[in-house]
Amino acid sequence: MFNKAKNILISGGSFVKQEEHHHHGPSSVHIQTIRKSAMDRLMESASLGALHNSGERLEPPKCHPKTRTAILHYLMKWIIGHVGWDIFVLWLYGPAGAGKSAIAQTLAERCLETNILLATFFFCRSDPRRNNDKVLVATLVYQMAMHLPGFWEIVEVAIEHNPAIFHLNFEAQFQTLLVDPLLRISRTGIFESNAAFPYIFIIDGLDECSGSDSQTIILNTISSTLQKHRSALPFKFYIGSRPERHLAMSFSTTSLNHLTYQLVLDNSYHPDKDIRLYLTDSLRAIRKAHVVRGHIPAYWPSEEDVNRIVKKSSGQFIYAATILRYLSSPRYNPVHRLKVIHGLLPPDNDKPYAEIDSLYHSILSSVENVEAALTVLGVHLVIRSSMSVNQLEKFMLLPPGTIRLLLVDLTSIVTVPSTNWEPLRMIHESFIDFLFDATRSLQFYIDPSRMHEEVVRYCVAQIKVFCFSVLVDPTSEIYFLMYAFRELAYHLWLSGPLSSNPALWEEVRTLPFLTFVNEIHRKHTLVSSRTPGEVIKHFLNTLKCSDLWRTEELYLYHRDVWDKAMLDTLSLVPNSPGLAFWIAVCLEPPDSLRYGVYRNTLLALPSCTFSSSDSLLYLPFTLFTGHILLPPHACGSAIRRWSLGVSWASINADYFALVREFLGDPSRAGSYAMDKSAFTLAAEFIVEFAMRPWDDKKAKIVTGNDSRQWDLIWDALVSVLSRAGRSDKLLKMLNHSIVTFTLGCPSYFWKAEDGLRTMWRVVNEYILAHTGTTPPGFGILIDWTDSVNGATQPSTYYIGSKWIHTDVVYNLDKSIVEAH
């Protein structure tokens, strides 16, 4: 109660807490608020549904009593150290439906009973809160805080010190919130004492974590931690998954191999015996509890019935579990359904998936509107989003409740959540494999290309509503607009050629996609992570390279729309050397452009030839990011929103390729296509800027300690001048023994020397090419002044035939000094 408390008065058995408020530190009440907020942030970032005892995991799969005894016994021996005491990771792998999650759940409960369970996480591919690595660390840390004394206090400070920790990558979270606190409490000797402490982590379904890279990172992070701190951190990790190729490779690496015991879940542990026991008990329960139990014979099922099901299970619990779900449906007589199961295939059929495929065929055959049901399932499976039932219905333009009605006969293989705000879930992964394999599903085959075509149709519908309807409130449907914005090109690429659907092909051809992209980006900040340029590039490249019907016609139509938008945008900018300069930069982007362009740089550059213009400020923003359709009155507001600059992460290199292709083609860019005269104008612009005296705008190009914007200026000057033609104006400025440039220093000192040598060479070559000679002792002086007060850096640099420093002279060239 009084931990870290101050100024507490104890009088007459009463506790009076006095608080002092200082300007230099938080009050005790504020400290409590911070502590609470730290826990709040942890809880918000954790996925409590991934815990072994979570209320969200209703009836989680676990081993039926007296089943899986051999493997559970072996796992417990490893956990308590009777076998593999020096092995810190155990990987249990097996095929889908083998019962891995049931084993992990039962193992967690047994470890909990003996107080050695530290934390669990059960991945689930269909649950957006349990199918990624972003919540893994927070979920583990939450459980560890409940079990390890002193752990939470350390984590709390770490969260307070870096409130954004849960937005960092997995390695950073794992090190800061898990490893570092454990190392600190390890120094107290708590793990070396005789007192017992929980030490087992259970992570199940790692293959259901989205992205193979994320799965590998999780393994590598755990591996490197255990390898580096084996003596300080005596913990064990149980990991269960399918034997995916990338996981098998990770576990075979040297760093993980000697830390890991690999255990395959196969017939070595006599699954048939366990499946028989599971079936016998479960079928007996169905006979006693079913709504038609009065009509079920007492001898049902027979021993022969059970034997046949065990044989068809092929060692996989998934088949037995699916049959039991099928038989337990309150809508059908289980005796009749069991007869259906036995008559599906001849007994000598030994295809690996024959039995469960037959069951799926039987279930689907009972669906009244199977085509509509399969369309819902197909769209759900191909969209790259975990849409809830409610969202999926809106996206597919279906009346509310339609999906629940269509899938009412599929409850044994598809979970339709009780609330419409959760996504559909396939109970068995093998069912998805079945649906997408035409040789197995036959008349129930879901053609992925046709499903992608369906999604294209829905995306087009959402875009047309947004662009043409004056009644729709786009904020209410922003989720679908964002999906169409991001994923239309992806689904077009994977759809069929559309030759069998000419109406949809025509809708794609005339779709106002470019208008939609810019309007949705202008009105909604939710898409800021993907620039219009990136989306436009992806869309046009998809049309150009796809196998769509009459794809060239589609591509040229939308490319012409984009070309016109580019020309309209360029026409907003006054024809000037500044315009030529930025087009030149886009056509030949210097490497330093990857840092982006700051607003202060844009403000400084145009003023050397004319007053600041919103349209010229807007031009680089347009060419770099793809904002090509904003009207003139929106230019200023766009630049104000761009006050912090555009980083390379939002400047897409492939989009630059589109811009360069356009600007380099006179038939498309017209008067804006770059030629030697245009590069000459651009060179006059940047040289005049380089020679202009320091002023307030020029001095502000350096933002804080970031001088990388000067890298862009130096690189652009060299690039543009090297392609310029003869100009009396340029020669008048450059044809002197000493040319003075007022430029800031590049981001690294060594760049200044290299940059000066390159600049000297390019300027010298330009003068020589257009006059036949260069002034004797030609050199360049860089005035490093970086403020409006005229203050200079301690050093001034020349470069000519030698590199010279005013304080320390290297290889002094007397002629240069005398010329100066």
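What you see is a predicted model; the values in this text were computed from it and never measured.

About the cut-offs
- Residues numbered from 1 in each chain as written.
- Predicted model: local features only at pLDDT ≥ 70, side-chain atom pairs only at ≥ 80, totals over all residues.
- Heavy atoms only, no water.
- Helix = DSSP H or I, 4+ residues; strand = E, 2+ residues; numbered from the N terminus.
- Buried < 20%, exposed > 50% of the residue type's maximum accessible area, 1.4 Å probe, protein only.
- Contact = heavy atoms within 4.5 Å.
- Areas by Shrake-Rupley, 256 points an atom, 1.4 Å probe, with all protein chains shown as cover.
- Arc of directions from axis to C-beta.
- 1 Å grid on protein atoms, 1.4 Å probe; cavity = no way out; pocket = protein on both sides within 12 Å on 5 of 7 lines; lining within 4 Å.
- Points joined across faces, edges and corners; volume = space filled by probe spheres on them.
- Phe/Tyr/Trp six-rings, centres within 6.5 Å; stacked < 30°, edge-to-face > 60°.
- Pairing = 2+ DSSP bridges.
- Axes fitted to C-alpha atoms, helices over the stretch in contact; angles between N-to-C directions.
- Parallel < 35°, antiparallel > 145°, perpendicular 65-115°, else oblique.
- Nonpolar A, V, L, I, M, F, W, Y, C, P; charged D, E, K, R; others polar.
- Salt bridge = Lys/Arg side-chain N within 4 Å of Asp/Glu carboxyl O.
- Left-handed = near helix turned anticlockwise from the far one by under 90°.

A. The overall build of the protein chain, seen in detail. Each helix and strand in the protein chain was counted, giving 37 helices and 13 strands. Split into buried and exposed, the 820 residues of the protein chain put 52% on the buried side. Put simply, of all contacts in the protein chain between residues at least 6 apart along the chain, 74% involve residues at least 24 apart. Summed over its atoms, the accessible surface of the protein chain is roughly 37900 Å², and 54% of this surface lies on carbon and sulfur atoms.

B. Region of the structure containing helix α22 (residues 502-509). Listed as buried for α22 are Leu 504, Trp 505, Val 508 and Arg 509. Along the axis of α22, the buried positions cluster into a sector of 145°, meaning they face one direction only. For α22, the secondary structure elements touched by its buried residues are α20 (448-468), α21 (478-494) and α25 (551-571).

C. Representation of empty space enclosed by the protein in the model. With the rule as written, the count across this model stands at 2 cavities of 30 Å³ or more. Volume-wise, the largest cavity comes out at about 60 Å³.

D. Just the packing of aromatic side chains, in detail. Within the structure shown, the criterion is met by 26 aromatic pairs. Their ring planes at 45° and their centres at 4.9 Å tell us that Phe 191 and Phe 197 sit as a pair that is tilted. Take Phe 191 and Phe 197: they sit in the same class, and that class is buried. Ring centres of Phe 197 and Phe 235 lie 6.1 Å apart, and the angle between their planes is 70°; on these two criteria the pair is classed as edge-to-face. Of this pair, Phe 197 sits in the loop between α6 (170-186) and β5 (200-204) while Phe 235 sits in the loop between α7 (212-228) and β6 (236-241), and the two are 38 residues apart along the sequence. Classification of Phe 197 as buried rests on a relative accessible area of 14%.

E. Region of the structure containing the sheet that holds strand β3 (residues 89-93). If you walk across this open sheet you meet the 5 strands as β4-β5-β6-β3-β7, and the pairing is parallel. For this open sheet the edge positions go to β4 (117-122) and β7 (260-264), each flanked by a neighbour on one side alone. Here the average twist between neighbouring strands, direction ignored, is 15°. Two strands pair when backbone bridges link them, and β4 and β5 are joined in this way by 5 bridges, in the parallel orientation. Bridged to Leu 117 within β5 is Ile 200.

F. How the structure looks around the packing of helix α26 (residues 577-587) against helix α32 (residues 676-691). Running from N to C, α26 and α32 cross one another at 105°; their axes reach a closest spacing of 7 Å. By the criterion of interaxial angle, the relationship of α26 to α32 is roughly perpendicular. Residues Pro 577, Gly 578, Ala 580, Phe 581, Ala 584 and Leu 587 of α26 pack against Ala 678, Phe 679, Leu 681, Ala 682, Phe 685 and Ile 686 of α32. Classifying every residue of the contact of α26 with α32 by side-chain character gives 11 nonpolar, 1 polar and no charged.

G. How the structure looks around the pattern of salt bridges. This structure, assessed with the given rule, holds 21 salt bridges. The shortest N-O distance in the salt bridge between Arg 284 and Asp 281 comes to 3.1 Å. On the criterion of helical spacing, the pair formed by Arg 284 and Asp 281 is a turn pair, its members being 3 residues apart in helix α10 (residues 271-289). Judged by relative accessible area, which is 33%, Arg 284 ranks as partly exposed. In this structure Asp 281 comes out as partly exposed when scored by relative accessible area, which is 26%. The closest approach of N and O atoms between Arg 550 and Glu 553, which form a salt bridge, is 3.0 Å. Here the salt bridges do not stand alone but share partners, grouping Arg 125, Asp 207, Glu 208 and Arg 242 into one network.

H. Up close: the pairing of β3. Most of β3 is tucked away, with 5 of its 5 residues classed as buried. Of the two faces of β3, the one lined by Val 89, Trp 91 and Tyr 93 and the one lined by Leu 90 and Leu 92 are each fully buried. In terms of strand pairing, β3 meets β6 through 5 bridges, oriented parallel. Residue pairing for β6: Trp 91 is matched across the bridge by Ile 239.

I. Seen up close, the packing of helix α5 (residues 151-161) against α6. At a minimum axis distance of 9 Å, the contact between α5 and α6 shows a crossing angle of 135°. Classified by the angle between their axes, α5 and α6 sit oblique to one another. For the element pair α5 and α6, the recorded crossing hand is right-handed. Within the contact between the two elements, α5 uses Phe 151, Ile 154, Val 155, Ala 158 and Ile 159 and α6 uses Thr 176, Leu 177, Leu 178, Pro 181, Leu 182, Arg 184 and Ile 185. Taken together, the residues that form the contact of α5 with α6 break down as 10 nonpolar, 1 polar and 1 charged.

J. Just the environment of Asp 696, in detail. Along the chain, Asp 696 turns up in helix α33 (residues 696-699). Asp 696 sits in the partly exposed class, given a relative accessible area of 41%. With 92 residues separating them in the primary sequence, Asp 696 and Ala 604 have C-alpha atoms 8.6 Å apart.

K. Looking closely at the side chain of Ser 313. Topologically, Ser 313 is positioned in helix α11 (residues 303-313). Excluding residues that lie within four positions of it along the chain, Ser 313 makes contacts with Ile 275, Tyr 319 and Ala 320.

L. A look at the environment of Cys 459. Residue position: Cys 459 is located in helix α20. With a relative accessible area of 0%, Cys 459 lands in the buried category. Considered as a pair, Cys 459 and Phe 485 are 26 residues apart in the sequence and their alpha carbons are 8.4 Å apart. Those residues in contact with Cys 459 that lie beyond four places of it in its chain are Phe 395, Tyr 483, Ala 484 and Leu 488.

M. Representation of the environment of Pro 746 within the structure. Tracing the backbone shows Pro 746 in the loop between β10 (738-742) and α36 (749-771). A C-alpha to C-alpha distance of 6.1 Å links Pro 746 and Arg 708, two positions 38 residues apart in sequence.

N. Quick peek at unusual backbone geometry. Here the residue pair Trp 300 and Pro 301 is connected by a cis peptide bond, since its omega of -10° sits within 30 degrees of zero. Counting through the fold element by element, Pro 301 comes out in the loop between α10 and α11. In this model, Leu 397 sits at a positive phi of 60°, which is unusual for a non-glycine residue. Mapped onto the elements of the fold, Leu 397 is located in the loop between α16 (389-395) and α17 (402-406).

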